[in-house]
Amino acid sequence: MPALVRRTVRCPCGRRSSTVVLAEGQEPLPLPCTAECERHKRRARLADAFGVPDPEHYVPVQVRSTRTQCAVLWLAMQVCCLSALSAYTARTNPHHLCGGR
Ligand SMILES: [Zn+2]
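So, here's what we can say about the structure. (Residues numbered from 1 in each chain as written. Predicted model: local features only at pLDDT ≥ 70, side-chain atom pairs only at ≥ 80, totals over all residues.)

**Quick word on the overall build of the protein**
- A count of helices and strands for the protein gives 3 helices and 2 strands.
- Listed by position from the N terminus, the elements making up the protein come as β-β-α-α-α.
- When burial is assessed residue by residue, the protein has 14% of its 101 residues classed as buried. (Helix = DSSP H or I, 4+ residues; strand = E, 2+ residues; numbered from the N terminus. Buried ≥ 20, exposed ≤ 12 C-beta atoms within 10 Å, placed from the backbone.)

Below, the structure is given as structure tokens:
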């Protein structure tokens, strides 16, 4: 029996994390990003655009460089955000920005 170790796994954007128990030497599978991740990134981006710090929904810097798994969603989100920026007022329900996405 190999020894069991605890490892922390994260999703590509780093928002989700979970502790798993693995056999020593085994690599954990990363968590997938969820729609919630995308909403957080979008909010962070809107906060950036308006210069409003949003510590409650702070997204670590790695988000900007770790986009591999979320690249398509990220691009779609940026387009969506740009078109939504003019309509964005204060902290509305982000669902409204993307027509329910
Ligand atoms: Zn994520």
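**Considering helix H1 (residues 35–50)**
- Over its 16 residues, H1 extends 23 Å from the first C-alpha to the last, a length consistent with the 22 Å expected when each residue adds 1.5 Å.
- Buried within H1 we find Cys37, Glu38, His40, Lys41, Arg42, Ala44 and Leu46.
- Immediately beyond the C-terminal end of H1, within one or two residues, lies glycine 51, with a positive phi of roughly 65 degrees. (Expected span 1.5 Å × (residues − 1).)

**Observations concerning the environment of glutamate 36**
- The topology assignment puts glutamate 36 in helix H1.
- By the C-beta count within 10 Å, which is 11 here, glutamate 36 ends up exposed.
- Sequence separation between glutamate 36 and arginine 16 is 20 residues; the distance between their C-alpha atoms is 9.5 Å.

**Points about the pairing of strand S1 (residues 4–10)**
- The pairing of S1 with strand S2 (residues 17–23) spans 7 bridges and is classified as antiparallel. Among the inter-strand pairings, arginine 7 is bridged to a residue of S2, identified as valine 20.
- Linking S1 to S2, which pair antiparallel, is a turn of 6 residues; within it glycine 14 sits at a positive phi near 85 degrees. (Pairing = 2+ DSSP bridges.)

**A closer look at the environment of threonine 19**
- Within the secondary structure, threonine 19 is located in strand S2.
- Each C-alpha atom of the pair threonine 19 and arginine 6 lies 6.5 Å from the other, and the pair is 13 residues apart in sequence.
- Those residues within four positions of threonine 19 in sequence are excluded, and the remaining contacts are Arg6 and Thr8. (Contact = placed C-beta atoms within 7 Å.)

**Digging into the environment of alanine 3**
- As for its placement among the helices and strands, alanine 3 is situated in the segment before S1.
- On a C-alpha basis, the gap between alanine 3 and alanine 23 in space is 5.7 Å, while along the polypeptide they are 20 residues apart.

Geometric values such as these leave the question of function open.
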